[in-house]
Amino acid sequence: MPRVSIEVDGVKYDDDVEPRLLLAHYLRDRLGKVGTPIGCDTSNCGACTVLLDGMSVKSCSVLAVQADGHDVTTIEGLGDGQGLHPLQRAFHEEHALQCGYCTPGMIMAAIDLIKENPDPSDEEVREGLEGNLCRCTGYQNIVRAVRRAAGDLRPNPAQQEAAR
């Protein structure tokens, strides 16, 4: 059985895994990271999205052995221990969820989107999240939340000047 070494939410795990074990099942069943839901098991819905070395991936389409030697961030690893990540806070404040099942995947995909495009338009947010489905909302509040968080995450002009 292959042995993997994966850092998940800042903690290193060394485990023996079946070669066919999906990362989603490794996170949930082995590590108890149940904040990463399994929505479809076919990579269609995006509910299981996590960050693999900072890039969003659908954990139901990645084998645990493929994550060997890499860093994984789940929704549970976002907060700083004192409060919510700006995207989590924006989703709450903009009422960007109803049942909440898609929310972890939406937030993780949005982190990658904002990293690539710190000031996305509504259309760019919709395009960036097109691999993540929500069956409850009309996406308006999700788009609003992502744009709000993008604004919160951008340094203001005074911070940019101080950094020079």
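Per an unreviewed UniProt entry, the chain goes by the name (2Fe-2S)-binding protein and belongs to Actinoallomurus acaciae.

Engineer: Would you mind going over the pairing of strand 2 (residues 11-16) with me for this structure?
Structural biologist: Consecutive side chains of a regular strand alternate in pointing toward one face of the sheet and then the other. Summarising the sheet, strand 1 (residues 3-8) and strand 2 pair through six bridges and their orientation is antiparallel. Paired with Ile-6 across the strands is Tyr-13, a residue of strand 2. Connecting strand 1 to the antiparallel partner strand 2 that follows it, the hairpin turn spans two residues, and Asp-9 within it adopts a positive phi of roughly 50°.

Engineer: What's the story with the pattern of salt bridges in this structure? I'm lost.
Structural biologist: Two side chains bearing opposite charge may form a pair once their charged atoms approach each other closely. Enumeration according to the criterion identifies eight salt bridges in this entry. In this structure, Arg-20 engages Glu-18 in a salt bridge whose closest nitrogen and oxygen atoms are separated by 3.8 Å. Of the residues examined, Arg-20 reaches a relative accessible area of 66% and is grouped as exposed. Given the relative accessible area of 35%, Glu-18 is considered partly exposed. For Arg-148, the salt bridge is made with Glu-94, and the minimal N-O distance between the two is 2.8 Å. Of this pair, Arg-148 sits in helix 5 (residues 140-153) while Glu-94 sits in the loop between helix 2 (86-93) and helix 3 (103-116); the two residues are 54 residues apart in sequence, bridging distant segments of the chain. Residue classification places Arg-148 among the partly exposed residues on the basis of a relative accessible area of 32%. Owing to a relative accessible area of 15%, Glu-94 belongs among the buried residues under this scheme. One network of salt bridges, with partners in common, ties together Glu-93, Glu-94 and Arg-148.

Engineer: Any chance you could explain helix 3 here in plain terms?
Structural biologist: In an α-helix, one turn spans 3.6 residues, which is why side chains three or four residues apart end up on the same side. In a regular helix each residue adds 1.5 Å, so 14 residues correspond to 20 Å; helix 3 covers 20 Å between its end C-alpha atoms and thus fits that length. In terms of burial, helix 3 is a largely internal element, twelve of the 14 residues being buried. Every buried residue of helix 3 is accounted for by Thr-103, Pro-104, Gly-105, Met-106, Ile-107, Met-108, Ala-109, Ala-110, Ile-111, Asp-112, Leu-113 and Ile-114. Packed against the buried residues of helix 3 are strand 3 (49-52), strand 4 (55-58), strand 5 (71-73), helix 2, helix 4 (122-128) and helix 5.

Engineer: How should I be thinking about the environment of Cys-99 in this particular structure?
Structural biologist: Here Cys-99 is to be found in the loop between helix 2 and helix 3. Once the C-alpha coordinates of Cys-99 and Ala-47 are considered, the two residues, 52 residues apart in sequence, prove to be 12 Å apart.

Engineer: Sorry if this is basic, but what is going on with the packing of helix 2 against helix 3 here?
Structural biologist: The axes of two packed helices give the description: the angle between them and the distance between them. Between helix 2 and helix 3, the least distance of the axes is 10 Å, while the angle of their chain directions is 125°. As far as their axial angle goes, helix 3 and helix 2 are oblique. Note that helix 2 runs across helix 3; the crossing there is right-handed. Each of Leu-87, Gln-88 and Phe-91 in helix 2 lies in contact with helix 3, whose residues at this interface are Thr-103, Met-106, Ile-107, Ala-110, Ile-111 and Ile-114. A per-class count over the contact of helix 2 with helix 3 returns seven nonpolar, two polar and no charged.

Engineer: Mind showing me how you'd approach the nonpolar core here?
Structural biologist: Side chains that are nonpolar tend, in soluble globular proteins, to be buried together. Judged by nonpolar contacts, the single largest core of 25 residues is most densely connected at Leu-87, Phe-91, Leu-129, Ile-142 and Val-146. Elements supplying a minimum of two residues to this core: helix 2, helix 3 and helix 5. Here this core gets eight residues from one element, more than from any other, and that element is helix 3. Apart from the residues lying within four places of it in its own chain, the contact partners of Ile-142 are Phe-91, Ala-96, Met-106, Leu-129, Cys-134 and Thr-137. Within the second largest apolar cluster, 16 residues are counted, among which are Ile-6, Tyr-26, Leu-27 and Leu-31.

Conventions adopted
Residues numbered from 1 in each chain as written. Predicted model: local features only at pLDDT ≥ 70, side-chain atom pairs only at ≥ 80, totals over all residues. Heavy atoms only, no water. Pairing = 2+ DSSP bridges. Helix = DSSP H or I, 4+ residues; strand = E, 2+ residues; numbered from the N terminus. Salt bridge = Lys/Arg side-chain N within 4 Å of Asp/Glu carboxyl O. Buried < 20%, exposed > 50% of the residue type's maximum accessible area, 1.4 Å probe, protein only. Expected span 1.5 Å × (residues − 1). Contact = heavy atoms within 4.5 Å. Axes fitted to C-alpha atoms, helices over the stretch in contact; angles between N-to-C directions. Parallel < 35°, antiparallel > 145°, perpendicular 65-115°, else oblique. Left-handed = near helix turned anticlockwise from the far one by under 90°. Nonpolar A, V, L, I, M, F, W, Y, C, P; charged D, E, K, R; others polar. Core = buried A, V, L, I, M, F, W, Y, C linked by side-chain atoms within 4.5 Å.

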